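# Report on the structure
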Amino acid sequence: MKLFEYMGKELFSGYGITVPRGRMASTPGEAAAVAAEIGGEVVVKSQILSGKRGKGGGILFAASPAEAEDAAAKILGSTVQGLKVESVLVEEKIKIDRELYLAITVDGSARKPVLIASASGGMDIEDVPDEDIVKYHIDTFVGLQPYAAREITRRLGLTGPPAGEMNRLLPLLYRIFREKDAELVEINPLVVSGDKLIAADAKVTIDDEALYRQKGLPHVEERTEAEQKAHALGLSYVQLEGNIAVMANGAGITMGTLDTLQHFGGRPANFLDAGGGTGTEATAKALEILLETNPRVILINIFGGITRCDDVANALVKVKNEIGIPVPVVIRLVGTNEETGVRILRENGFEAYRMMREAAAKAVEIANSGN
Amino acid sequence: MKLFEYMGKELFSGYGITVPRGRMASTPGEAAAVAAEIGGEVVVKSQILSGKRGKGGGILFAASPAEAEDAAAKILGSTVQGLKVESVLVEEKIKIDRELYLAITVDGSARKPVLIASASGGMDIEDVPDEDIVKYHIDTFVGLQPYAAREITRRLGLTGPPAGEMNRLLPLLYRIFREKDAELVEINPLVVSGDKLIAADAKVTIDDEALYRQKGLPHVEERTEAEQKAHALGLSYVQLEGNIAVMANGAGITMGTLDTLQHFGGRPANFLDAGGGTGTEATAKALEILLETNPRVILINIFGGITRCDDVANALVKVKNEIGIPVPVVIRLVGTNEETGVRILRENGFEAYRMMREAAAKAVEIANSGN
Amino acid sequence: MAIIIDENTNVIVQGATGNQGRFHTRQMLAYGTRVVAGTSPGKGGQEVEGVRIYDTVAAAMEDHRVDASCIFIPAPYARDAAFEAIEAGIKVVVIITEHIPVHDEMDIINFARQKGATVIGPNTFGIVSSGKCKIGIPSNQFFVPGPVGVVARSGTLTYEIVANLTAGGIGQTTVVGLGGDRVVGLSFVDVLQRFEKDPETKAVVLVGEIGGNQEEEASLFIKKMSKPVVAYIAGKSAPPGKRMGHAGAIIERGKGTYEGKVRALKEAGASVAALPFEVPELIRELIG
Amino acid sequence: MAIIIDENTNVIVQGATGNQGRFHTRQMLAYGTRVVAGTSPGKGGQEVEGVRIYDTVAAAMEDHRVDASCIFIPAPYARDAAFEAIEAGIKVVVIITEHIPVHDEMDIINFARQKGATVIGPNTFGIVSSGKCKIGIPSNQFFVPGPVGVVARSGTLTYEIVANLTAGGIGQTTVVGLGGDRVVGLSFVDVLQRFEKDPETKAVVLVGEIGGNQEEEASLFIKKMSKPVVAYIAGKSAPPGKRMGHAGAIIERGKGTYEGKVRALKEAGASVAALPFEVPELIRELIG
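Nothing here was measured: the structure is a model prediction, and the numbers come from that model.

## Brief notes about the overall build of chain A
Broken down by element type, chain A carries eleven helices and 19 strands. Along the longest, intermediate and shortest principal axes, the C-alpha atoms of chain A span 80 × 50 × 35 Å. Taken across its 371 residues, chain A has 56% of its residues classed as buried. Contacts spanning at least 24 positions in sequence make up 68% of the contacts within chain A whose residues lie at least 6 apart. Put simply, chain A shows about 15000 Å² of open surface, and 47% of that area lies on carbon and sulfur atoms. Each charge sign in chain A was given a centre, from 41 positive and 51 negative side chains, and these centres are 2 Å apart.

## What about the packing of aromatic side chains?
Using the criterion set out here, one finds 18 aromatic pairs over all chains in the structure. Arranged with centres 6.2 Å apart and planes meeting at 35 degrees, the rings of Tyr174 of chain A and Phe177 of chain A form a pair that is tilted. Of this pair, Tyr174 of chain A and Phe177 of chain A both sit in helix α5 (residues 160-179), three residues apart, which is roughly one turn of that helix. When the ring of Phe125 of chain D is compared with that of Tyr159 of chain D, the centres are 5.6 Å apart and the planes differ by 75 degrees; the resulting orientation is edge-to-face. With Phe125 of chain D in the loop between β7 (118-120) and β8 (126-129) and Tyr159 of chain D in helix α5 (residues 156-167), this residue pair connects regions lying 34 residues apart in the sequence. Of the two residues, Phe125 of chain D and Tyr159 of chain D, both sit in the buried class. Taken together, Phe303 of chain A together with Phe125, Phe142, Phe143 and Tyr159 of chain C form an aromatic cluster joined through their ring pairs. If you follow Lys320 of chain B out to its NZ or CZ, it ends over the ring of Phe350 of chain B, 5.4 Å from the centre. Note that Arg79 of chain D overlies the ring of Phe83 of chain D, its terminal NZ or CZ placed 4.5 Å from the centroid.

## Side note on the packing of helix α7 (residues 251-263) of chain B against helix α11 (residues 356-369) of chain B
Residue and element names in this part refer to chain B. Contact geometry for α7 and α11: axes closest at 9 Å, N-to-C directions at 55 degrees. In terms of orientation, α7 and α11 fall into the oblique class. As for how α7 packs across α11, the hand of that crossing is right-handed. Along its contact with α7, which presents Gly256, Thr257, Thr260 and Leu261, the element α11 presents Met356, Ala360, Ala363 and Val364. Residues of the contact of α7 with α11, tallied by class, amount to five nonpolar, three polar and no charged.

## Let's talk about the nonpolar core
Where a protein is soluble and globular, its nonpolar side chains tend to be buried together. Among the nonpolar cores identified, the biggest contains 156 residues, and Phe12 and Leu115 of chain A together with Phe12 and Leu115 of chain B are the most heavily contacted of them. When neighbours within four sequence positions are excluded, Phe12 of chain A is seen to be in contact with Ile17, Val19, Leu173, Ile176, Glu186, Ile187, Ala199, Asp201, Ala202 and Val204 of chain A. Counting residues in hydrophobic clusters, the runner-up holds 98 residues, among them Val334 and Ala363 of chain A together with Val150 and Met225 of chain C.

## What about helix α1 (residues 5-14) of chain B?
Turning to α1 of chain B, its buried residues are Glu5, Met7, Gly8, Lys9, Leu11 and Phe12 of chain B. The positive-phi residue at the C-terminal boundary of α1 of chain B is Gly16 of chain B, with phi of around 95 degrees.

## Thoughts on the sheet that holds β8 of chain D
All names here are of chain D. The seven strands are arranged β9-β8-β11-β10-β12-β13-β14 in an open sheet whose pairing can be described as mixed. The open sheet is flanked by β9 (133-136) and β14 (271-273), the only strands paired with a single partner. Neighbouring strand axes in the sheet, compared pairwise and without regard to direction, differ in orientation by 15 degrees on average.

## A few points about the interface of chain C and chain A
Taken together, the contact between chain C and chain A spans 55 residues of the former and 53 residues of the latter. Surface buried jointly by chain C and chain A totals about 4400 Å² across both partners, of which 55% is contributed by carbon and sulfur atoms. Considering only the surface of chain C that becomes buried against chain A, His103, Arg253 and Phe277 of chain C emerge as the three largest contributors, covering 16% of it. Our count for the chain C to chain A interface comes out at seven salt bridges. Put simply, Arg213 of chain A and Asp104 of chain C hold a salt bridge, and the shortest N to O gap is 2.9 Å. Taken together, the links from chain C to chain A amount to 22 residue pairs in polar contact (both at pLDDT 80 or more). Elements represented by at least two residues in the side of chain C that touches chain A include exactly α3 (75-87), α4 (102-115), α5 (156-167) and β13 (229-234) of chain C.

## Here we look at the pattern of salt bridges
Residues and elements named next belong to chain B. Inspection of the entire model under this criterion finds 82 salt bridges over all chains. Here Glu5 makes a salt bridge to Arg53, at a shortest N to O gap of 2.8 Å. Placement of the pair is Glu5 in helix α1 and Arg53 in the loop between β3 (42-46) and β4 (59-62), with a sequence separation of 48 residues. Per residue, the accessibility class of Glu5 equals that of Arg53, and both read buried.

## Regarding the interface of chain A and chain D
Contact residues are listed per partner, giving nine residues for chain A and 13 residues for chain D. Taken over both partners, the interface formed by chain A and chain D buries close to 1000 Å², and the fraction arising from carbon and sulfur atoms is 49%. When residues of chain A are sorted by the area they lose upon contact with chain D, Tyr147, Arg150 and Arg154 of chain A head the list and together hold 58% of the total. At the boundary of chain A with chain D, the tally comes to three salt bridges.

## Regarding the sheet that holds strand β2 (residues 22-25) of chain B
Residue and element names in this part refer to chain B. Strand order in the open sheet formed by four strands is β2-β7-β3-β4, with antiparallel pairing between adjacent strands. Unpaired on one side and paired on the other, β2 and β4 mark the two borders of the sheet. Pairwise comparison of adjacent strand axes, ignoring direction, gives a mean angle of 20 degrees for this sheet. Packed onto the sheet, helix α2 (residues 28-38) meets β2, β3 and β7 (88-92) and runs at close to 170 degrees relative to β2.

## Description of the domain arrangement of chain C
All names here are of chain C. Domain parsing of chain C yields domain 1 (10-120) and domain 2 (138-287). Each of domain 1 and domain 2 has a C-alpha centre, and these two points are 26 Å apart. Between domain 1 and domain 2, the residue contacts involve eleven residues of the former and nine residues of the latter. Overall, the association of domain 1 and domain 2 removes approximately 920 Å² of surface from exposure, summing both partners, and the carbon and sulfur fraction of that is 55%.

## Topic: the pairing of β13 of chain C
In summary, the side chains of a regular strand alternate between the two faces of the sheet. Residues and elements named next belong to chain C. Across the six residues that make up β13, a large majority, six, are buried. Across the two faces of β13 the burial is the same, with Val229, Ala231 and Ile233 and Val230, Tyr232 and Ala234 all buried. Pairing between strand β12 (residues 203-209) and β13: six bridges, direction parallel. In the strand pairing of β13, Val207 is matched with Tyr232. Read from β12 through helix α7 (residues 214-222) to β13, the crossover connection turns out right-handed. For β13 and strand β14 (residues 271-273), the ladder comprises three bridges, and the chain directions are parallel. Each residue of the ladder has a partner; that of Tyr232, found in β14, is Ala273.

Criteria and cut-off values
Residues numbered from 1 in each chain as written. Chains lettered and ligands numbered in written order. Predicted model: local features only at pLDDT ≥ 70, side-chain atom pairs only at ≥ 80, totals over all residues. Heavy atoms only, no water. Helix = DSSP H or I, 4+ residues; strand = E, 2+ residues; numbered from the N terminus. Buried < 20%, exposed > 50% of the residue type's maximum accessible area, 1.4 Å probe, protein only. Contact = heavy atoms within 4.5 Å. Areas by Shrake-Rupley, 256 points an atom, 1.4 Å probe, with all protein chains shown as cover. Lys, Arg positive; Asp, Glu negative; His and termini not counted. Charge placed at Lys NZ, Arg CZ, Asp CG, Glu CD. Phe/Tyr/Trp six-rings, centres within 6.5 Å; stacked < 30°, edge-to-face > 60°. Lys NZ or Arg CZ within 6 Å of the ring centre and 35° of its normal. Axes fitted to C-alpha atoms, helices over the stretch in contact; angles between N-to-C directions. Parallel < 35°, antiparallel > 145°, perpendicular 65-115°, else oblique. Left-handed = near helix turned anticlockwise from the far one by under 90°. Nonpolar A, V, L, I, M, F, W, Y, C, P; charged D, E, K, R; others polar. Core = buried A, V, L, I, M, F, W, Y, C linked by side-chain atoms within 4.5 Å. Pairing = 2+ DSSP bridges. Buried area = accessible area lost by both parts, 1.4 Å probe. Salt bridge = Lys/Arg side-chain N within 4 Å of Asp/Glu carboxyl O. Polar contact = N/O pair within 3.5 Å; in protein donor to acceptor, adjacent residues only side chain to side chain. Domains from an automatic or database assignment. Right-handed = clockwise from strand over helix to strand, strands pointing away.

Structure, rendered in structure tokens:
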């Protein structure tokens, strides 16, 4: 779960990390009021779950409350990086002596947290040459100790009061990362402003799997409606842009099914992993979600292990009888209770394939037949 | 620093460990009032920094507020285990189904915390046979995890609701041990009372070296006045019962000096480790502490390394000139700046020995000469 | 021969009294796995499918030699269960549980490294040394002994490929599921090293997917391998920034793409199947 | 030969710019110790006694091979300093600092074990391989090369004994101060094992004291040693329940008594001196 910038900054601030003074506004008038309260020059920042807002016109500067109102009027309701802006963060404009980059994330390869820092902040870390990046892996049992902070600070070339501030900040950022089950905490840029270090941006991603124990955090919903419905059923669903609705059991085989469709010239409408051992009821609900996207054809690819073929067949029959299925359904069904499943399908007017290849080819043929 | 029982119980309670209902009283009248508030039978417990209060008459039961008043009158002001009782803890008398023993302490040999538990509680753990004791070493980086709690609970033979309570309690006790820099947290007995586990006693010792970062704890002063003065100077002082005041530099050599005195038939008045590199001022103050105990003789044993012999000599001269030294002083002085030190002493009427053996023998001779 | 587990591996099932634990205990026994005990706090003394249940792992180990554990404990308690197995000295810990928080996974693997334990998973189907021992959840009928080692990040896709191999008369030495999460105990390299040393394994099938850089790291090792490798990478059609079911299957900031992985594997000399059902044909070409 | 450190040991001083650090850097250099660098956060680039100061241990190790560290950092920061040295890969960490909280000491030793480092102290005078290398605070003049290994819990008492040995013409291979705290890195057994293997060490002096059960554990090893051991135990006259200067020197609940230790040592075949100044005579009797 990604947090909006302002949420990340509230989190930072609660841990003692300095952020610019500012508040949220959802109308141009509010933006003007916040700017007046702050005084002096301000920044008006669109709150969307994407980076690169500056290039998309999502960040504007204003020298007065009136300018702030204009800026907010421009940004609010506009679309930045494909996302609609519903609120802005109005903040003091801070003096920038230097911009740093700082992040802690999960290194899947090392199976450890990794701190990534650079004296070249303000740009995408991917664009910073490796030799300008400080990487430090953290032992989760030991944590980020003061000595490690000092060493990172040294390697960044910081000295004087900002070095002291960095030594203080690093363990705080790691505490946020651990205590909030974050996958990523990123400050870019981290601004050296006189003796201070100020987090001018905040990108925080919380591990979805840990949300059950992170009750204190705000809820941010990134999923589409269909994705939310699938999620509520415990299924993985990703909306795509094609016309072949897909259901398979298992993340890998679902990806493989999409790849096969694409290989044959088809365009998948979604990724839907129905998981293993999903029963008739949930499978039927999953089918309903697929129908709501108005596909040309539905492809079901079941390699039954824990998933029973008769459950899948019964789910299909149930949906057909209860709400009807207005589009063709292509089914590949093998594995546990295959014979029963195939018989049920036949009795209800569905054809079952044994080979994934054939089923995928058939689905593509149907989808593309009207073109 | 040892905590009084009631302090330990307050600490426990703050962490969610169940303790009997009760309050402190420093007069019999207060004890009666607390007993009335609690209702039913109560126990009146002397608050002293020693175990075995029961055998010393320091714990009495009372069936009514009047009896509680009587019990408190008996205990308050009395001497239990050599310690004067200044207050009592009045608590509900709890139903005892079973008594357990539970403690976490530092295992110097393993260099780890060790949890010690036994189904035979209510007695000294030293009297419990080894096979009835569960020992579990804890990795400080891993902590006491739920699985370890379950295993300890199983080995104690607990089942049903008390087992669940024990699983909950064990990690709490370890948290106290770690978060409060404890050397010992002990619950004896830990009472099984119906479905509950109740800490009927609390023995908590905090690491003196960590008190600087344990600001939230109450302060308990166990030291004698002389010990406090020495401690304020950064010196280690232990009051003993003989008549030869001793100062040496280093814990081992100070012990060795006491042993030598005793070997020769003398009785040391104290242990005073003046440390290494203690200057003239502090050494003079340490001498003043020794004088206040009215010894027959003072033995100073300095093997100078970081400690400079001239500093010690000057301290002695300073005390002699400023407040006078009414008893003989025997000095052994070798090591860094030995010649200067010995010259200063001679010029001021002190004799210096080179050998510890001779100095100790001389001190004993003087101490025992009047007998 | 086989890698990691074989016919002498004694297995316990943690969480054996739950639905999944019970079902798969039966399945594993049916496959021939030596399931010597199960654990379930508070249920010590019960039996599941003839297997004795203990309250704790340590209790089970008082009565049995235990080489491996199979964990079916729900995600919020899985970290504790894995720690229990590792501290008790079990050397192979297979964590079937999905949805474990990534910070818990880092802790588990940290602890396992300290204690010298091998973690398979989390979020894995498990591991099967064909005809000898199955620890995990795949259906028994797919796995028959033969010359091919299989290592994969995903489950059903692997069953599909293994079933195709088996149907084509090509059995497997050991089939290892690394797990679909971003942080798992074993990497492709860890398993490839073992296959390279295993005399019965003649060729290896690697079933990867988008996200992370495991396949790229594996490629560096494949270059040095004496045995042929056939790879299939799932997720060619996946859009960037979206998790494709697995927590680890996501293209982030231009990293972990299908193209990058396939390029690395091909450069390393692996045969890369464009579609999953092409794998058996490629294997047959290589080891005839 | 010598144990743990020798003439090739490169040493850094952590906290080299403080009073103690500065003084003992000079003394160690005077003894011949290869002090290659010092550390002091924020003071990188300065010099102390001709030794270059670095901000961090890692920075020092970019320029120098470092085998050992000598820590003079105040107690509240000593845990961090020790962790820094251990994580940087230094294999011998001598912690002079006293008054370190015992929980910090447990953490330090836990971390050292994980990383394979040897911790000497805390609250130790250090270690001297006579004529080769001194890491710590004893005055230089006491230590001359010879056939006796010395291991002790306390400082000045050891200087007394070593000075008596030296005065009697008996030099030392290595003198090791374990440290006076309840939790320290090395035990008597750890050091006795090394002396037993060291060809130059012909006899060992063990300077123990009341409290703990190190001496009792040492006795079990002394039984198996080929080399003679002379022991002195301080604290015969100490009352129970009182800390005699050292955090570890306390008789608690009837454990750690003088009598128990002396009995164990004598049963193990060690010669036990009743008084500290008897040690040289006993050594002379044993190795002529």
